[in-house]
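# Structure assessment
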Amino acid sequence: MIRVSIVGVGGYVGEELLKILSRHPSVKITGVYDKAAEEGIKDLKEIYPWFGSLNLQVLPLDAAKIAETSDVVFLAIPHGVAFEVVPSLMDAGVKVIDLSADFRIKDAAVYENWYKVNHTAKEYIKQAVYGLSEINNTAIKEASLIANPGCYPTSVLLGLAPAIKGGFVNADGIVIDSQSGISGAGRQIAQEYFEREHPNARAYGLGGTHRHIPEIEQELSTLFGETATIAFTPHIIPLERGMISTIYANLAGSSNVDEISRYYQKFYKDKPFVKFLADTSLPFTKRVQETNFCEIALAVDARTKKLIIVSAIDNLMKGASGQAVQNMNIMFGIKEAEGLI
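Residues numbered from 1 in each chain as written. Predicted model: local features only at pLDDT ≥ 70, side-chain atom pairs only at ≥ 80, totals over all residues. Heavy atoms only, no water.

## With respect to the overall build of the chain
This is how the line gets drawn: Numbered from the N terminus, helices here are DSSP runs of H or I no shorter than four residues, and strands are runs of E no shorter than two. The classification of residues rests on relative accessible area computed with a 1.4 Å probe and restricted to protein chains. Under 20% of the type maximum is buried, over 50% is exposed, and intermediate values are partly exposed. Contacts between residues were defined by any pair of non-hydrogen atoms, one from each residue, lying within 4.5 Å. The accessible surface values rely on the Shrake-Rupley method and a 1.4 Å probe; as for residues, cover is taken only from the protein chains in view. In this tally, Asp and Glu contribute negative charge and Lys and Arg positive charge; neither His nor the terminal groups of the chain are included. For charged residues, the charge sits on one atom: NZ in Lys, CZ in Arg, CG in Asp, CD in Glu.
Helix and strand content of the chain: 12 helices and 14 strands. With respect to the three principal axes, the spread of C-alpha positions in the chain is 60 × 45 × 40 Å. Evaluated residue by residue, the chain yields a buried proportion of 54% over its 341 residues. Considering only intrachain contacts with a sequence separation of at least 6, the fraction spanning at least 24 residues in the chain is 71%. For the chain, the computed accessible surface area is about 14500 Å², with 50% contributed by carbon and sulfur atoms. Between the centroid of the 33 positive side chains of the chain and the centroid of its 39 negative side chains there is a distance of 4 Å.

This is the structure:
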């Protein structure tokens with residue numbers, strides 16, 4: 001059995017990790033950690049009564065204890081916190097799957113510029129493997145530190161990767177319109193939204209200010225082999241969970257939609273969690289909610305010479321906890337879909 005600890009169990013992502021890992025046949029949850037322990041909450045049942053059968057105590061973050069009792073730890077904690085504990089965990093031989101942004105950006109100066117915090121574990125950035133399961137499977141197998149992708153980047157990169165690899169699109173002029181359920185902003189903001197705004201839809205992070213931009217551009221540039229710059233606008237929509245991205249890219253080669261579709265089908269043929277919709281149907285957030293699946297469809301706009309790609313995921317599953325567990329499965333050499341289907 002894989003001994004697992006979860007740090008940040010009180011948030012949306014931590015709760016999803018509990019749901020998945022508590023039913024995972026190859027996992028034993030050996031510890032749950034949260035700042036709630038510092039506020040007097042000692043029993044997991046006080047946070048989630050429906051997880052009472054796990055009989056776990058909520059503990060304050062303790063890297064030494066985690067190292068003693070865990071083979072892998074999931075860090076579902078805010079940006080700027082993970083790099084404070086990752087060194088001690090890794091030095092103790094624990095595999096780490098970090099769901100914050102602290103190790104996603106390979107250039108520490110870029111990270112510091114976008115996240116406005118001094119990165120204190122720069123020497124560990126090079127060790128981190130970007131955990132986009134379908135693209136970096138081989139590297140994930142050998143990794144000790146996984147930088148789990150953000151939700152928006154996951155929806156965008158899975159949508160674009162085959163088009164890039166097949167030489168169908170250019171690196172310039174990519175426009176992305178993404179819409180997310182409010183849970184992507186965290187439990188506190190989600191509660192405020194449902195109390196004050198719901199139902200409401202609004203854009204945010206306009207003018208190239210959203211923190212996922214450098215992550216998306218970094219990974220797109222790696223796929224292209226040249227610098228890629230994007231125009232990206234995210235939106236909040238009146239859903240608790242679910243995310244859909246519409247991506248516009250300039251065609252570089254064939255404009256034959258059937259040829260491009262065949263390439264997508266081949267690219268994702270053996271990937272259990274990507275569903276390419278080759279018919280005329282389009283991705284639905286409702287179909288992927290509470291699953292680890294990503295639905296993708298595409299169309300060619302011959303008039304504007306653009307490839308239009310639509311992808312849908314559950315932002316808490318494929319966009320966070322589900323993909324993190326998928327990465328764990330890959331790291332430990334068990335079936336990629338175990339515990340997720």
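## Focus: the layout of surface pockets
Note the following rule: Site definitions follow a grid-based scheme: protein atoms alone, a 1 Å grid, a 1.4 Å probe that fits but cannot get out for cavities, and for pockets an open set with protein on both sides within 12 Å along at least five of seven lines, plus lining residues having an atom within 4 Å of a point. Grid points are joined across faces, edges and corners, and a volume is the space filled by probe spheres set on the points. Residues are grouped as follows: Ala, Val, Leu, Ile, Met, Phe, Trp, Tyr, Cys and Pro are nonpolar; Asp, Glu, Lys and Arg are charged; all remaining types, including Gly, are polar.
Put simply, the second largest pocket is a space of about 170 Å³. What lines the second largest pocket is a set of 15 residues, among which Val257, Ser261, Ala278, Asp279 and Leu298 lie closest to the centre. Elements that contribute at least two residues to the lining of the second largest pocket include exactly helix H10 (257–267) and strand E13 (294–301). Looking at the lining of the second largest pocket residue by residue, the class counts come to 8 nonpolar, 4 polar and 3 charged.

## Some points on the nonpolar core
Rules: Among buried residues, those of type Ala, Val, Leu, Ile, Met, Phe, Trp, Tyr and Cys that are joined through side-chain atoms within 4.5 Å constitute a nonpolar core.
Core analysis: the largest hydrophobic core is formed by 39 residues, its most contacted members being Leu160, Ile174, Leu220, Tyr264, Ile296, Leu307 and Ile309. With 9 residues, the top contributor of residues to this core is helix H7 (residues 151–165). In this view, Ile174 contacts Leu160, Leu220, Phe224, Thr229, Ile230, Ala231, Ile247, Tyr248 and Ala249; residues no more than four positions away in its chain are not counted. The next biggest cluster of nonpolar side chains, apart from the first, holds 38 residues, and it includes Val32, Phe74, Met317 and Met328.

## Remarks on the pairing of strand E10 (residues 230–236)
The test is simple: For two strands to pair, DSSP has to find at least two bridges joining them.
Among the 7 residues that make up E10, 5 are buried, leaving the element largely enclosed by the rest of the structure. In this sheet, E10 lies alongside strand E8 (residues 174–180) in parallel orientation, the contact comprising 7 bridges. Each residue of the ladder has a partner; that of Ile174, found in E10, is Ile230. Inspection of the sheet shows strand E9 (residues 202–203) paired to E10 by 2 bridges, in the antiparallel sense. Each residue of the ladder has a partner; that of Arg202, found in E10, is Ile236.

## Quick word on the sheet that holds strand E12 (residues 274–276)
Keep this limit in mind: Axis definition: a line fitted to C-alpha atoms, limited for helices to the stretch in contact. Angles are taken between N-to-C directions and run from 0 to 180 degrees.
Across the sheet, which stays open at both edges, the 7 strands sit in the order E9-E10-E8-E11-E14-E13-E12 with mixed pairing between neighbours. With one partner strand each, in any of the chains shown, E9 and E12 form the two edges of the open sheet. H7 contacts E8, E10, strand E11 (243–250), E13 and strand E14 (306–313) of the sheet and is inclined by roughly 40° relative to E11. Seen against the sheet, H10 touches E12, E13 and E14 and runs at an angle of roughly 160° to E13.

## Some thoughts on the packing of aromatic side chains
Rule in force here: In this scheme Phe, Tyr and Trp rings, the latter by its six-membered ring, pair at centre separations within 6.5 Å, and the angle between planes marks the pair as stacked below 30 degrees, edge-to-face above 60, and tilted otherwise.
Going through the model one piece at a time under the given rule, you end up with 10 aromatic pairs. On the numbers, 5.7 Å between centres and 85° between planes, the contact of Tyr48 with Phe51 is edge-to-face. Take Tyr48 and Phe51: they sit in the same class, and that class is buried. Between Tyr111 and Tyr115, the aromatic rings sit 4.9 Å apart at their centres with planes inclined by 15°, giving stacked as the arrangement. Taken together, the residues Tyr111 and Tyr115, both in helix H5 (residues 108–115) and 4 residues apart, mark about one turn of the helix. Judged by its relative accessible area of 1%, Tyr111 falls in the buried class.

## Some remarks on the packing of H7 against helix H9 (residues 213–224)
We count it as follows: When describing relative orientation, an angle under 35 degrees is termed roughly parallel and one over 145 degrees roughly antiparallel, while 65 to 115 degrees is termed roughly perpendicular and anything else oblique. What makes a crossing left-handed is the near helix being turned counterclockwise from the far one by less than a right angle; a clockwise turn instead makes it right-handed.
Between H7 and H9, whose axes approach to 10 Å, the crossing angle comes to 15°. With respect to H9, the axis of H7 lies roughly parallel. Seen from above, H7 lies across H9 with right-handed handedness. Contact residues: Pro153, Val156, Leu157, Leu160, Ala161, Ile164 and Lys165 in H7; Glu215, Ile216, Glu219, Leu220, Leu223 and Phe224 in H9.

## Quick word on the environment of Ser70
Under the convention used in this document: N or O atoms closer than or at 3.5 Å make up a polar contact, with two conditions inside protein: a donor-capable atom paired with an acceptor-capable one, and, for residues adjacent in sequence, both atoms drawn from side chains.
Considering the arrangement of structural elements, one finds Ser70 in the loop between helix H3 (63–69) and strand E4 (72–75). Its relative accessible area of 4% is what places Ser70 among the buried residues. The sequence separation of Ser70 and Arg3 amounts to 67 residues, and the corresponding C-alpha distance is 4.8 Å. In this structure, Ser70 is in contact with Arg3, Val4, Ser5, Thr30 and Val94, ignoring residues within four places of it in sequence. Side-chain polar atoms of Ser70 contact the side chain of Ser5, separated by 2.6 Å. Polar side-chain contacts of Ser70 include one of 2.9 Å to the backbone oxygen of Ile66.

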